[in-house]
Amino acid sequence: MSRNISGLNGIEGKTPFLIGVSGGTASGKTTVCNRIMEKLGQVDMDQTERKVVCISQDSFYRNLTPAEIILAEKGQFNFDHPEAFDNDLIFSTLSDILAGIKCQVPTYDYCTHSRVQGQSITIYPADVVLFEGILVFYVAKIRDLFHMKLFVDTDSDTRLARRVARDIKERGRDLNSVLNQYMNNVKPAFEEFGLPTKKFADIIIPRGADNSVAIDLIVHHIWDILHLKKMNGAEMTPASIQHPYLH
Ligand SMILES: [N-]=[N+]=N[C@@H]1[C@H](O)[C@@H](CO)O[C@H]1n1ccc(=O)[nH]c1=O
């Protein structure tokens, strides 16, 4: 989802500030991204037009083989495993985004467990790009692309309650299949693959989108970095602010 916080003006060729947002299923990753986009608009009103874009890792689920589709329809395919994603496509797409190149992102359908043929979302060059998902920090070459890494740390019982409500309401599931999938795949995969990536985060956000103090701090830091970059980057940067985005 892309949001123009003050008018469309993606800057061709400029390197966007790339933020990775990870956390367990239903931890509030997407809501945190939306709060950051909204608040950046409020903080940044006096700046030149700035474009902020949010992309989901779920858009990059790989195509399944016919046998895997059958497993998925029985709730037995592990969508929480790193190999469920097209990681090479994620890497090449984020690399294009960092080069300021317009690119396409696939459209994924949770009900058919497959990409919608012939449909994609165009991502135009932006100032800030958020990339959110359960395993965005798992693959090192992808993890190393981010200028900032956030981990949304929400209690697992809260996440399960939200997940049950969401999957029944939005993804056409029944209670038993959601709980079985959670116990057999989602929970063990998060403990084996997702939780260990918390150590790569620059900022861990307890309670997710409810934590307005953390989100305000993050938004003001993003604004400072963008503002310093606009003031011709490193030579204007106080020694106290050393950030890879500025060099
Ligand atoms: N099952 N399961 N878990 C994954 C994962 O926890 C979550 C990631 O947003 O979406 C779920 N997911 C992904 C693809 C899909 O076709 N169906 C689905 O339920």
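See the structure above.
Residues numbered from 1 in each chain as written. Predicted model: local features only at pLDDT ≥ 70, side-chain atom pairs only at ≥ 80, totals over all residues. Heavy atoms only, no water.

**Quick look at the overall build of the protein**
Along the protein, the regular secondary structure elements total seven helices and eight strands. Burial statistics for the protein: of 247 residues in total, 49% are counted as buried. Carbon and sulfur atoms provide 54% of the accessible area of the protein, an area that totals close to 11600 Å². (Helix = DSSP H or I, 4+ residues; strand = E, 2+ residues; numbered from the N terminus. Buried < 20%, exposed > 50% of the residue type's maximum accessible area, 1.4 Å probe, protein only. Areas by Shrake-Rupley, 256 points an atom, 1.4 Å probe, with all protein chains shown as cover.)

**As for the nonpolar core**
Ile55, Leu94, Phe131 and Phe146 are the most contacted members of the largest nonpolar core, which has 32 residues in total. Those elements that provide at least two residues to this core are strand 3 (51-56), helix 3 (87-98), strand 4 (103-109), strand 6 (128-132) and helix 6 (175-194). Tallying contributions element by element places helix 3 first for this core, with four residues. Contact partners of phenylalanine 146, with chain neighbours within four places excluded, come to Leu18, Ile19, Gly20, Leu94, Phe131, Val136 and Phe137. If you look at the next biggest cluster of nonpolar residues, it comprises 28 residues, including Ile36, Leu40, Ile215 and Ile222. (Core = buried A, V, L, I, M, F, W, Y, C linked by side-chain atoms within 4.5 Å. Contact = heavy atoms within 4.5 Å.)

**Observations regarding the site of the ligand**
Every one of the 13 residues lining the ligand counts as a neighbour, but Asp58, Asp80, Tyr108, His113 and Arg163 are closest to it. Here an oxygen atom of the ligand sits 2.7 Å away from a polar atom, N or O, in the side chain of aspartate 80. Glutamine 181 is positioned with one of its side-chain polar atoms (N or O) 2.8 Å from a nitrogen atom of the ligand. A total of 410 Å² of accessible area belongs to the ligand in isolation, and the protein chains cover 97% of it. Of the residues belonging to the shell around the ligand, the class tally is five nonpolar, three polar and five charged. (Near = heavy atom within 4 Å. Polar contact = N/O pair within 3.5 Å; in protein donor to acceptor, adjacent residues only side chain to side chain. Nonpolar A, V, L, I, M, F, W, Y, C, P; charged D, E, K, R; others polar.)

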